[in-house]
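# Descriptive structure summary
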Amino acid sequence: LAVPDFAALAADVDGLHEELCAERGGAVADYIPQLAEVDPELFAIGVCSVDGQRHLVGDAHEPFCVQSVSKTVNYCLALDENGLWGTHEHVGWEPSGRSFNELALNPQGRPHNPMINAGAIMSASLIRPESSAADRFGHVAETWQRLAAGRRVGFSNSTYLSERDTADRNFALAYSMREQEAFPEGTDLQRTLEFYFQCCSIELDADMLAIVAASFANGGVCPLTGERVFSVDTVQHCLSLMTSCGMYDYSGEFAFSIGLPAKSGVSGALMIVIPQVMGICVWSPRLDEHGNCVRGVEFCRRFAQRYNVHPHDGS
Ligand code: GLN
């Protein structure tokens, strides 16, 4: 068994959920107007092992937008379609050390990495650029669905419209990349950005995101269906970049103290991967100053103290 005493783990997760309900620090993201309306008290944790043992606590069936967690799936799809070099001709792999939407490119005029906005807009441009908007979105939604064992993903049209109408920064990033000729030839900026916003507005619940995380932990095979969604190499590349860049400009400290690949989103979603063991989703809308889920980061800290999950833990 991947987790020998799953009942004990589940009890620990419940205990952490209860402890962390008292944590009310941080604030709900409000730069996307629709996100500001979410109840800040919502809080769910989902766990799914690579052999399909699952546990849920809290608001685990309440839908939320994946937001930046979509950067993981889009990067994998870009890799599958364009190969490693075909992708990284357009996007770097170094942490930026800046906030997720900082107006900055690397010295080659490329986005620093696929886990920040500029890089994720680039990943979007690399996914089926010749197809219609409908097919491209359908392809991404279907991929999430396969990662989540066939469960149907939702879409928040109001979040999408709200983001599209307040997206000056993301447009600025896209124009600055176009100025540097960073995009593949023929890229249409408006269509690319709309596609990127749509991907951010895909909705899952904590139950589903934990299964997605477990598919990543399981080398790209969904543990509940046995279906391979991404190749082993694609998943390895994505997990590497999640480890170095997945928590915005807190990624260095997170890698130092927790050491696990993780990806956060401004909806308060956090996907954590323990390779070969399990996937975890924590969702709670209040964010810290970096844009990471406050309860999620604290969960990781306490969880890592209890279990020796850091890959460099010698004990
Ligand atoms: N859709 C959001 C944006 O582009 C995603 C950012 C995030 O989750 N950090 O600003």
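Keep in mind the model is a prediction, meaning the values are calculated, not measured.

## Things to note about the overall build of the protein chain
The secondary structure content of the protein chain amounts to 11 helices and 10 strands. In summary, the protein chain has a C-alpha radius of gyration of 18 Å against a globular reference of 20 Å for 315 residues, a match within 12%. Its C-alpha atoms give the protein chain principal-axis dimensions of roughly 55 × 40 × 35 Å. Across the 315 residues in the protein chain, those meeting the buried criterion constitute 50%. Excluding contacts between residues fewer than 6 apart, the proportion of contacts in the protein chain whose partners are at least 24 apart in sequence is 69%.

## Considering the site of the ligand
Close contacts around the ligand come from Gln67, Ser68, Phe100, Asn101, Asn117, Glu163, Asn170, Cys200, Gly265, Val266 and Gly291, and that covers them all. Class assignment for the residues of the shell around the ligand results in 3 nonpolar, 7 polar and 1 charged.

## Some details on the sheet that holds strand E6 (residues 202-204)
Read across the sheet, 3 strands follow the order E4-E6-E5 without closing on themselves; strand pairing throughout is antiparallel. Each edge of the open sheet carries a strand with a single partner, namely strand E4 (64-65) and strand E5 (154-155). Relative to E6, E5 runs antiparallel, the two sharing 2 bridges. Each bridged residue has a counterpart across the sheet, and for phenylalanine 155 the counterpart in E6 is isoleucine 202.

## Notes on helix H7 (residues 189-200)
Side chains of residues three or four places apart in an α-helix project in the same direction, reflecting 3.6 residues per turn. Its 12 residues give H7 an end-to-end C-alpha distance of 17 Å, which sits within 8% of 16 Å, the value for a rise of 1.5 Å per residue. Burial in H7 covers these residues: Thr192, Leu193, Phe195, Tyr196, Phe197, Gln198, Cys199 and Cys200.

## A short note on the packing of helix H5 (residues 157-164) against H7
Running from amino to carboxyl end, H5 crosses H7 at an angle of 140 degrees, the nearest separation of the two axes being 9 Å. Taken together, the axes of H5 and H7 are oblique relative to one another. Read as a crossing pair, H5 and H7 show a hand that is right-handed. Together, Tyr160, Glu163 and Arg164 of H5 and Glu194, Phe197, Gln198 and Cys200 of H7 make up the contact between the two elements. Counted by class, the contact of H5 with H7 contains 3 nonpolar, 1 polar and 3 charged residues.

## Notes on the pairing of strand E2 (residues 44-49)
With 6 of 6 residues buried, E2 lies mostly within the body of the structure. Across 5 bridges, E2 lies against strand E3 (residues 54-58) in antiparallel orientation. Bridging from a neighbouring strand, alanine 44 pairs with glycine 58 of E3. Counted between consecutive antiparallel strands, the loop separating E2 from E3 contains 4 residues, among which glycine 52 sits at a positive phi close to 85 degrees.

## Things to note about the UniProt feature "binding site: substrate" (unreviewed entry) in the protein chain
Per the UniProt record, "binding site: substrate" (unreviewed entry) is annotated on Ser68, Asn117, Glu163, Asn170, Tyr196, Tyr248 and Val266. Its place among the elements puts serine 68 in the loop between E4 and helix H2 (70-88). Residues within four places of serine 68 in sequence aside, it is in contact with Phe100, Lys263, Ser264, Gly265 and Val266. By the element assignment, valine 266 lies in the loop between strand E7 (262-264) and strand E8 (269-274). For valine 266, a count of 25 C-beta atoms within 10 Å puts it in the buried group. Non-local contacts of valine 266, meaning those with residues more than four positions away in its chain, are made with Ala29, Leu35, Gln67, Ser68, Leu287 and Gly291.

Criteria and thresholds
Residue positions are counted from 1 within each chain, in the order its sequence is given. Local features are withheld for residues below a pLDDT of 70 in this predicted model, meaning they are given only at 70 or higher, and side-chain atom pairs are given and counted only at 80 or more; totals for whole chains, interfaces and linings count all residues. Secondary structure follows DSSP: runs of H or I at least 4 residues long count as helices, runs of E at least 2 residues long count as strands, and numbering of each begins at the N terminus. Here the globule rule reads 2.2 Å times residues to the power 0.38, and the radius of gyration is calculated from C-alpha atoms. Exposed residues have 12 or fewer other C-beta atoms within 10 Å of their own C-beta, buried residues have 20 or more, and residues in between are partly exposed; the C-beta atoms are placed from the backbone. This entry defines residue contacts through backbone-placed C-beta atoms, with two residues in contact when those atoms are within 7 Å. In this text, near has one meaning. A residue is near a molecule or strand if its C-beta atom, placed using the backbone, is within 6 Å of it. Each residue receives one of three labels: charged for Asp, Glu, Lys and Arg, nonpolar for Ala, Val, Leu, Ile, Met, Phe, Trp, Tyr, Cys and Pro, and polar for the others, Gly being one of them. Strand pairing is assigned whenever DSSP identifies at least 2 bridges connecting the two strands. What a helix should span is 1.5 Å times the count of its residues minus one. The axes used here are C-alpha line fits, helices contributing only the stretch in contact, and every angle between their N-to-C directions lies in the interval 0 to 180 degrees. Orientation categories follow fixed angle ranges, with anything under 35 degrees roughly parallel, anything over 145 roughly antiparallel, 65 to 115 roughly perpendicular, and all other angles oblique. If you view the pair so one helix is near and one far, a crossing is left-handed when the near helix is turned anticlockwise from the far one by less than a right angle, and right-handed when it is turned clockwise. UniProt positions are given in the numbering used here, feature names are shortened, and annotations may be inferred rather than shown by experiment.

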